[in-house]
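# Remarks on the overall topology
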Amino acid sequence: MSELRRRDLLRGLATAGLGAAAGAAGGWGVAQLTDVDPDPPAAAGIEPVDPHGRHQAGIVRPGTPQPHGLLAVLDLAGTPDRTSLVRLTRDLGERISALTGAASGDAVAAAQSEAGLFDGAGDLTVTVGLGPRLVSAIDPSLPGSEDLPEFASDAGLALERRGGDLLLAGYGSDPNATASAVTWLAASIAGARIRWSQRLFRGPSQGTITRNPLGFHDGVIVPRTETELNEHVWLPEGPLAGGAVCVIRRLRLDTSRFHGASRTEQEAVIGRRRADGAPLSGGGQRDEVDLLAKTPEGEYLTPARSHARAAHPSFTGSNLMLRRGYSFDDGTLPDGTRDAGLMFVCFQRELRTFVQTQHRLDETDDLMGFTTATASGTFLILPGFSRNRPLGAALS
């Protein structure tokens, strides 16, 4: 890639949001990603995450998601053939291995220096996904070749924030290192153009569970055991076994109006208690909602239009989704609207799981009245890779 092309792409990434430096939950400051402190203090107690394995890192590994993230959705020039796509994914895997310290010493030092990771990668992970256009060009019968339909809640969603060819999802404890790594990877792809991107953060977590911007616990009911993950998340067979189908949705939330409601009203919208995340039908935080439980007066304890009831798999006939959501805050729009909310990220074996659920939410979920979708896409998350099996080898 020419130096001019590299500078152009870096400028585009910064304009799209990759140039924002992480701040407090109230907003993000602005900085150039290339201006990395050459001698930052070393992070104590942060364990590196091995990028190699049956599944890519950043999905169930590490078990507790890192506090910062950056999603970049890119478009590729033309339609790469199978050989070009296999080469592209192989090169990305090799660069990820080098960035995260899983390659030879010389390769690690060179990659981290080029990317600006002067204090190492810490617990950085980068997950790679392919959009439906690329997957269907290889084989329309493959998982991940189907695009998302247009949902009722997508009204006003700009065309440039739908879909995309390539997902680079970086997560880590160091927001600057995470942003620099994703920027470097994106700039290494010839002909790539940024479609949209988003800096992310999340509060203290225990596994997948954290409080979302509305103040309620998120990521409570998800597959956790290997048996559950095999049943609900991982593609079960064929060359893509061990991969998954990912959906990302950037959801602007009207937190001011939601927080203006009473706690009882808020809990009726969510279907769980705000204090501890337990279902209104009773039990503890990780307990399933009892959809049949009623008050002595015959009212459902879990309200008919609550999110917990609307999203329940028994109504959609679908599997569970593995959710690893993050928050975002891009300040205030010119009209005074706060551009902040939730980046919904989920993984499942088939796209139908999400599609069926979203259609039902649009019909029966009162939470949708506080939600505006501002970006959306689905991606085939490739199976994991190793030193002997390149990323994307399943496509060859």
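Residues numbered from 1 in each chain as written. Predicted model: local features only at pLDDT ≥ 70, side-chain atom pairs only at ≥ 80, totals over all residues. Heavy atoms only, no water.

## Remarks on the overall build of the chain
To be explicit about the condition: Helix numbering and strand numbering both begin at the N terminus, where a helix is a DSSP run of H or I of at least 4 residues and a strand a DSSP run of E of at least 2. Relative accessibility decides the category of a residue: with a 1.4 Å probe and only protein chains considered, values under 20% of the type maximum give buried, values over 50% give exposed, and everything between is partly exposed. Any pair of residues with heavy atoms lying within 4.5 Å of one another is described as a contacting pair. Only the protein chains shown count as cover for residues, and all accessible areas are computed by the Shrake-Rupley method using a 1.4 Å probe.
Of the regular secondary structure elements, the chain holds 11 helices and 13 strands. Counting over 396 residues, the chain shows a buried share of 53%. Within the chain, contacts between residues at least 6 apart in sequence are counted, and of these 76% link residues at least 24 apart. Put simply, the chain shows about 16,800 Å² of open surface, and 51% of that area lies on carbon and sulfur atoms.

## So, the nonpolar core
Quick reminder of the rule: Each nonpolar core is a collection of buried residues, namely Ala, Val, Leu, Ile, Met, Phe, Trp, Tyr and Cys, held together in the definition by side-chain atoms within 4.5 Å.
By size, the foremost hydrophobic cluster in this structure holds 43 residues, and its most contacted members are Leu92, Leu99 and Leu168. With sequence-adjacent residues up to four places away left out, Leu99 is seen in contact with Ala111, Gln112, Ala115, Leu117, Ala121, Leu124, Ala181, Trp184 and Leu185. In terms of nonpolar packing, the next biggest core, distinct from the first, is built from 24 residues, Leu167, Ile248, Phe328 and Phe379 among them.

## Some points on helix α2 (residues 82–99)
The condition that has to hold: A helix is expected to reach a length of 1.5 Å times the quantity of its residues less one.
Over its 18 residues, α2 runs 26 Å from end to end, which matches the ideal 26 Å to within 8%, given 1.5 Å per residue. Taken residue by residue, α2 has Leu85, Val86, Leu88, Thr89, Leu92, Gly93, Ile96, Ser97, Ala98 and Leu99 as its buried positions. Elements that come into contact with the buried residues of α2 comprise α3 (105–115), β4 (125–130), α4 (132–138), β5 (166–172) and α5 (175–187). Positive backbone phi, approximately 85 degrees, marks Gly101, located one or two places after α2.

## Brief notes about the pattern of salt bridges
The criterion, for reference: Any Lys or Arg side-chain nitrogen located within 4 Å of an Asp or Glu carboxyl oxygen qualifies as a salt bridge.
Throughout the structure, instances matching the rule amount to 16 salt bridges. One salt bridge in this structure joins Asp339 and Arg252, with 3.0 Å as the shortest N-O distance. Taken as a pair, Asp339 in strand β12 (residues 338–348) and Arg252 in strand β9 (residues 244–253) lie far apart in primary sequence, 87 residues in all. Take Asp339 and Arg252: they sit in the same class, and that class is buried. Residue Asp366 is joined to Arg305 by a salt bridge in which the shortest nitrogen-to-oxygen separation is 2.7 Å. Linking Asp366 in the loop between α11 (351–364) and β13 (371–381) with Arg305 in the loop between α8 (263–270) and α9 (307–310), this pair joins segments that are 61 residues apart in sequence. Each of Glu150, Asp154, Arg162 and Arg249 takes part in one network of salt bridges that share partners.

## Overview of empty space enclosed by the protein
A probe as big as a water molecule, rolled over the atoms, marks out the empty space that is left. Our working definition: The pocket and cavity definitions rest on a 1 Å grid over protein atoms only: a 1.4 Å probe that fits but cannot leave marks a cavity, an open set with protein on both sides within 12 Å along at least five of seven lines marks a pocket, and residues lining either have an atom within 4 Å of a point. Grid points are joined across faces, edges and corners, and a volume is the space filled by probe spheres set on the points.
All chains considered together, the criterion is met by 5 cavities of 30 Å³ or more. Taken as a whole, the largest cavity holds about 770 Å³ of empty space. Elements that contribute at least two residues to the lining of the largest cavity include exactly β8 (217–218), β9, α9, β12 and α11. For the lining of the largest cavity, the element with the highest residue contribution is α11, accounting for 5 residues.

## Structural notes on the confidence of the model for the chain
The cut-off we apply is this: Per-residue confidence from the predictor is given as pLDDT, running between 0 and 100.
Here the chain shows a mean pLDDT of 89. Residues at 70 or above account for 89%. When the criterion is pLDDT under 50, residues 1–42 qualifies, and its contacts beyond four places in sequence or with other chains add up to 80 contacts.

## Points about the packing of α2 against α5
Condition: The axes used here are C-alpha line fits, helices contributing only the stretch in contact, and every angle between their N-to-C directions lies in the interval 0 to 180 degrees. Angle categories are assigned with fixed cut-offs, so that under 35 degrees is roughly parallel, over 145 is roughly antiparallel, 65 to 115 is roughly perpendicular, and the rest are oblique. Handedness of a crossing is defined here by the sense of rotation of the near helix relative to the far one, left-handed for an anticlockwise turn of less than a right angle and right-handed for a clockwise turn.
Across the interface, α2 lies against α5 with an axial gap of 11 Å and an inter-helix angle of 150 degrees. Looking at the two axes, α2 sits roughly antiparallel to α5. Handedness of the α2/α5 crossing: right-handed. Here Leu92, Arg95, Ile96 and Leu99 of α2 lie close against α5, whose contacting residues are Ala181, Trp184 and Leu185.

## Quick look at the state of the cysteines
Test applied: Any two cysteine sulfur atoms within 2.5 Å of one another count as a disulfide.
Per the stated rule, a full pass over the model turns up 0 disulfides. The structure places no disulfide on Cys246, whose sulfur is separated from the nearest cysteine sulfur, that of Cys346, by 6.4 Å. We classify Cys246 as buried; its relative accessible area is 1%. Under the relative-accessibility criterion, Cys346 is labelled buried at 0%.

## Considering the packing of aromatic side chains
How we decide: In this scheme Phe, Tyr and Trp rings, the latter by its six-membered ring, pair at centre separations within 6.5 Å, and the angle between planes marks the pair as stacked below 30 degrees, edge-to-face above 60, and tilted otherwise. Lysine and arginine charges are scored as sitting over a ring when NZ or CZ, respectively, is within 6 Å of the ring centre and within 35 degrees of the ring normal.
Counted by the stated rule, this structure contains 5 aromatic pairs. Here the aromatic rings of Phe151 and Phe354 are separated by 5.8 Å at their centres, their planes lie at 85 degrees, and the arrangement is edge-to-face. Here Phe151 is found in the loop between α4 and β5, whereas its partner Phe354 is found in helix α11, with 203 residues between them in sequence. Per residue, the accessibility class of Phe151 equals that of Phe354, and both read buried. On the numbers, 5.9 Å between centres and 80 degrees between planes, the contact of Phe216 with Phe258 is edge-to-face. Of this pair, Phe216 sits in the loop between β7 (210–211) and β8 while Phe258 sits in helix α7 (residues 255–259), and the two are 42 residues apart along the sequence. Overall, Phe258 belongs to the buried group, its relative accessible area being 1%. Lying across the ring of Tyr300, Lys294 places its NZ or CZ 5.1 Å from the centre. Its end group placed over the ring of Tyr300, Arg309 keeps NZ or CZ at 4.2 Å from the ring centre.

## Quick notes on the layout of surface pockets
Threshold: Each residue is assigned to one class: nonpolar for Ala, Val, Leu, Ile, Met, Phe, Trp, Tyr, Cys and Pro, charged for Asp, Glu, Lys and Arg, and polar for all the others, Gly among them.
Here the largest pocket is characterised by a volume of approximately 270 Å³. Taken together, 16 residues make up the lining of the largest pocket; nearest its centre are Pro143, Val245, Arg349, Glu350 and Leu351. Sorting elements by how many residues they give to the lining of the largest pocket places α11 first, with 4 residues. When its residues are assigned to classes, the lining of the largest pocket shows 8 nonpolar, 3 polar and 5 charged.

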